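# Close look at the chain arrangement
Given next are the chains, with one letter for each unit.
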Amino acid sequence: MSSILARRTFLAGVATALSAPTVLRAGVEADTDVVVIGAGTAGLSAADALLRKGLKVIVLEARNRIGGRAWTESETLALPFDQGAHWLHNAEVNSFRSSARALGLPLVDASTSNLQLYRQGSPLDRTASGRSFSRAEKQLERRMGSQISSGKDVAISGFGSDDLWQNGVIGAAAFSMAANPEQISILDLATLTDGGDLAVKGGYGSLIARVFARVPVRLGHRVAALDWSQSGRVKVSGDWGAISARRVIVAVPPTVLASGSIIFTPALPLARQQALAAFHKGQFLKVGMRLGLPTEALAEYHADLDDLAGGRREVLIADRFDPLLTLIASDDTARDLAGQALDARKAYAVERVSALLGSNVANSIAATTSYDWASDPLAMGSYSALPPGAADARKVFAEPLSDLIHFAGDAAPTPYAVTVYGAYRSGVNVAGKIASLKRSQGWRAWVAGL
Ligand SMILES: Cc1cc2nc3c(=O)[nH]c(=O)nc-3n(C[C@H](O)[C@H](O)[C@H](O)COP(=O)(O)OP(=O)(O)OC[C@H]3O[C@@H](n4cnc5c(N)ncnc54)[C@H](O)[C@@H]3O)c2cc1C
C-alpha cells in the first residue's frame, strides 16, 4: 500500500451431555462449539486460536484448498506465483514475518521506494522522480489531513489538482485500494495504517497454508444456509448435510455475503444488508509471466506517471526471488482486461513489458497466467474499499448477531483492513471474544447457548 494512503474432546463430550434438549432433524451433526465458515486467513486464524483454547471447532470451506485469496499457485508457471496476496504489508507488526523466519523462509524488502517511474515510455531519473513523488505525497497528506479533521467524508478524487505528481499519488493510492478514486472514502482510508512491505520466498499463500496446516478443515463444504431462529443454536447447512453449533464465525468476504449466496433465517437486519452492499467489488487483476532472464537487475516496481494520473492504473512488478514479472491492473483498468479473452489479456501484458522494459525482456517470456477474482463466486472481488458516506460499514460488518453469529475477515475494522494481516487480526479478535463469552457466561450457560 502507499503511505497514504491462534481441544478439549473430553469437555466437548460433556457439553453434548449437558446440552439443553435441542430437537434436531435426522442428518444434523449435533453440537459443536464453533463452526467457522471459510478457510481463508481470517477463518483459519480464528479456528487456530479457538482450538488452542480447547474449544471444539469445525471449519467448513467451499474450495478444495485453504487460504482463500492468499493462494500460491505453482503449476502454471512451474514457479510459485501468488495469484492473490503477495506482500506482507505492515511488516513492522505483521506476525507472519516471524512465522516465515521460524520456517526458515527468506524475506526481502519490497517497499515501493524501489520504483521506476516513466513518462510516455521513457524512464525518469529515479532519484529526482522519487523526490517529486514523496513531495507530492506529503502535500496531498496535508490537504487530506485538514479534510479528515473536519469529519466530512469525501472521495479521494476530490483532491485532484492540476499537479501531475499529486494526481499520480492519488492514482497510486487508488491502485493500491483496487478502486477508482471516486469510490474511496477519505474517512475509511484514514483508519488504515501504513508500513513496510516484505515478500517471502515461496509465496505468501504458501506461507499461510504452512502456518495453519494443523487446523483441520472440511474442504468442498460450501455453506448455503444459516438458521439462527432457534434459541442458543445455529444450524449450518449445505448440500453436504447440516451441523448444529453453539457459535458460528462467518469468515467469507462481505461482497459474497451481499450476493445472498448464504441464506440467513431469519434474514440479516436491514442495516447490515445495507452495510454489506456498500463494499466495493475491488478488482486487482494480475498477469504473471515467467522469464528466461534473471530479474535482479530490474527495479521492483515500474509505473507510468501519466497513466497513474490519467486513469490507467497498472504497475509492472519484478519478483525478487524468481525470474517472474507481474502486471497488476486495478479496478476499471482491471475490468477492461478481465473483459478480454485470456489470450488477449496475456498479449496485452507482454506488450506492456515490451514498452517499459524492452523487447529483449518481452521476448524471453516463456509462460503466462492470470486469475480473475471478480468472477470467482467465492471471492467476488479482490478486496474492498468503501465509498464516501459508508465509512461505518466495516464496524457494522463485524458486529455479532445476538452473540451467536460472529463475522471476521479482511473487511473488519482493524488498522490493517483489506490485507492478509488484517484478516488474521480480525480472526484472532473474534476468537478472543467467543472465548471470553464462554468464560464470562460459565460453562453451563455456554452449553445452553444463553
Ligand atoms: C489479486 C490480489 C492481490 C492481493 N494482494 C495482497 C497483498 O499483497 N498483501 C495483502 O496483505 N493482501 C492482499 N490481498 C488481499 C488479501 O488476499 C485478503 O485481504 C485476505 O486474503 C482476505 O482473507 P479473508 O480470510 O478475510 O478472506 P478469504 O481469503 O477470501 O477467505 C474466505 C474463504 O471463504 C470461503 N467461502 C466463501 N463462501 C463460502 C461458503 N458459502 N461456504 C464455505 N466457504 C466459503 C472462500 O472460498 C475463502 O476460502 C490481495 C487480494 C487479491 C485478490
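Residues numbered from 1 in each chain as written. Predicted model: local features only at pLDDT ≥ 70, side-chain atom pairs only at ≥ 80, totals over all residues. Heavy atoms only, no water.

### Considering the overall build of the protein
- Tallying secondary structure elements over the protein gives 16 helices and 19 strands in all.
- Against the globule reference of 22 Å for 450 residues, the protein gives a C-alpha radius of gyration of 23 Å, in line with a compact fold.
- For the protein, the accessible area works out to roughly 17,700 Å², and carbon and sulfur atoms hold 53% of it.
- Within the protein, one finds 46 positive and 41 negative side-chain charges whose respective centroids are separated by 9 Å. (Helix = DSSP H or I, 4+ residues; strand = E, 2+ residues; numbered from the N terminus. Rg over C-alpha atoms; globule rule 2.2 N^0.38 Å. Areas by Shrake-Rupley, 256 points an atom, 1.4 Å probe, with all protein chains shown as cover. Lys, Arg positive; Asp, Glu negative; His and termini not counted. Charge placed at Lys NZ, Arg CZ, Asp CG, Glu CD.)

### Some thoughts on the site of the ligand
- Neighbouring the ligand are 39 residues, the closest being Glu61, Arg69, Trp87, Asp410 and Val420.
- Between the ligand and alanine 42, the relevant distance is 2.9 Å, taken from an oxygen atom to a main-chain nitrogen or oxygen of the residue.
- Between the ligand and the protein, one listed contact pairs a nitrogen atom with a side-chain N or O atom of histidine 89 at 3.3 Å.
- Here the ligand, which alone exposes 1,000 Å², has 99% of that area covered by the protein.
- Elements supplying a minimum of two residues to the shell around the ligand: helix H2 (41-52) and helix H15 (420-441).
- The class makeup of the residues in the shell around the ligand is 21 nonpolar, 13 polar and five charged.
- Counting contributing residues per domain, the shell around the ligand is built from domain 1 (9-67 + 212-278 + 387-448) and domain 2 (113-195 + 283-382), each supplying no fewer than three. (Near = heavy atom within 4 Å. Polar contact = N/O pair within 3.5 Å; in protein donor to acceptor, adjacent residues only side chain to side chain. Nonpolar A, V, L, I, M, F, W, Y, C, P; charged D, E, K, R; others polar. Domains from an automatic or database assignment.)

### Some points on the side chain of glutamine 166
- Structurally, glutamine 166 can be placed in helix H5 (residues 164-176).
- Overall, glutamine 166 belongs to the buried group, its relative accessible area being 8%.
- In this structure the side chain of glutamine 166 is engaged in a polar contact, spanning 2.7 Å, whose partner is the side chain of arginine 143.
- Beyond its immediate stretch of four places on either side in the chain, glutamine 166 contacts Ala136, Gln139, Leu140, Arg143 and Ser161. (Buried < 20%, exposed > 50% of the residue type's maximum accessible area, 1.4 Å probe, protein only. Contact = heavy atoms within 4.5 Å.)

### With respect to the sheet that holds strand S6 (residues 115-119)
- On the basis of which strands lie adjacent, the open sheet formed by seven strands has the order S7-S6-S15-S16-S17-S14-S18 and mixed pairing. One side of each edge strand has no neighbouring strand; the edge strands of this open sheet are strand S7 (122-123) and strand S18 (365-371).
- Here S6 runs beside strand S15 (residues 301-304); their pairing, made up of four bridges, is parallel. Paired with leucine 117 across the two strands is alanine 303, which belongs to S15.
- Packed on one face of the sheet, H5 meets S6, strand S14 (284-291), strand S16 (314-318) and strand S17 (324-330) and runs near 100° to S17. (Pairing = 2+ DSSP bridges. Axes fitted to C-alpha atoms, helices over the stretch in contact; angles between N-to-C directions.)

### A short note on empty space enclosed by the protein
- When its volume is computed, the largest cavity comes out at roughly 210 Å³.
- Together, 22 residues line the largest cavity, and Asp82, His86, Asp319, Leu324 and Thr326 are the ones closest to its centre.
- The greatest single-element share of the lining of the largest cavity, amounting to three residues, is contributed by S17.
- Here the residues of the lining of the largest cavity sort into eleven nonpolar, four polar and seven charged.
- Its boundaries defined by the atoms lining it, the second largest cavity holds a volume of some 60 Å³.
- Together, Arg69, Pro253, Pro254, Thr255, Ala379, Met380, Gly381, Ser382, Tyr383, Ser384, Asp410 and Ala411 line the second largest cavity.
- Looking at the lining of the second largest cavity, you find at least three residues from each of domain 1 (9-67 + 212-278 + 387-448) and domain 2 (113-195 + 283-382). (1 Å grid on protein atoms, 1.4 Å probe; cavity = no way out; pocket = protein on both sides within 12 Å on 5 of 7 lines; lining within 4 Å. Points joined across faces, edges and corners; volume = space filled by probe spheres on them.)

### Here's the deal with the domain arrangement of the protein
- As assigned here, the protein comprises domain 1 (9-67 + 212-278 + 387-448) and domain 2 (113-195 + 283-382).
- Put simply, the middle of domain 1 and the middle of domain 2, counted by C-alpha atoms, are 35 Å apart.
- Taken together, the contact pairs 18 residues of domain 1 with 20 residues of domain 2.
- Together domain 1 and domain 2 conceal approximately 1,300 Å² of surface at their shared face, both sides included; 57% is due to carbon and sulfur atoms.
- On the domain 1 side of the interface with domain 2, the three residues burying the most area are Arg63, Pro388 and Pro415, jointly 34% of the side's total.
- Joining domain 1 to domain 2, the criterion identifies two salt bridges.
- Across the pair aspartate 376 and arginine 63 runs a salt bridge, and its minimum N-O distance is 2.8 Å.
- Where domain 1 meets domain 2, there are six residue pairs in polar contact (both at pLDDT 80 or more).
- When the residues that make up the side of domain 1 that touches domain 2 are grouped by side-chain class, the tally is eleven nonpolar, four polar and three charged. (Buried area = accessible area lost by both parts, 1.4 Å probe. Salt bridge = Lys/Arg side-chain N within 4 Å of Asp/Glu carboxyl O.)

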